[in-house]
Amino acid sequence: MVSKPRVALGMLILAALAGGLLALLISLEVGAFWAKTLPLVFLVGGATFAQSLGLFNKSRKDQAQD
């Protein structure tokens, strides 16, 4: 089962990091392709990695309260 607050917090953190990456890419004056692509790849890759680690799953203690 997926914990909605954990997903929201995780995606908020990933969005903030992607925004920082975008600001860095703009300050380095990279091309428009990289400025559009790398933050999206970072978001998708980070969310996939977090899901594969089980960070978005409810713990046993949380499931017992449902």
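Rules used throughout
Residues numbered from 1 in each chain as written. Predicted model: local features only at pLDDT ≥ 70, side-chain atom pairs only at ≥ 80, totals over all residues. Heavy atoms only, no water. Helix = DSSP H or I, 4+ residues; strand = E, 2+ residues; numbered from the N terminus. Patch = residues over 30% accessible without salt bridge, like charges linked within 9 Å, V, L, I, M, F, W, Y side chains within 5 Å. Areas by Shrake-Rupley, 256 points an atom, 1.4 Å probe, with all protein chains shown as cover. Salt bridge = Lys/Arg side-chain N within 4 Å of Asp/Glu carboxyl O. Buried < 20%, exposed > 50% of the residue type's maximum accessible area, 1.4 Å probe, protein only.

Enquirer: How would you sum up unusual backbone geometry? Please name residues and give values.
Expert: We note that glutamate 29 has phi near 55°; this positive angle belongs to a residue other than glycine. With respect to the secondary-structure elements, glutamate 29 resides in the loop between α1 (4–27) and α2 (32–53).

Enquirer: Give me a nonpolar patch on the surface: which residues, what numbers.
Expert: Nonpolar side chains collect at one region of the surface, where Leu24, Leu28, Val30, Phe33, Trp34 and Leu38 lie side by side and expose about 590 Å² of accessible area between them. Here the nonpolar patch gets three residues from one element, more than from any other, and that element is α2. Given the relative accessible area of 46%, tryptophan 34 is considered partly exposed.

Enquirer: Residues and numbers for the environment of leucine 24, please.
Expert: Looking at where leucine 24 falls in the secondary structure, it is placed in helix α1. For the pair formed by leucine 24 and alanine 35, sequence separation is eleven residues and the distance between their alpha carbons is 9.2 Å.

Shape is all these values report; function is a separate question.
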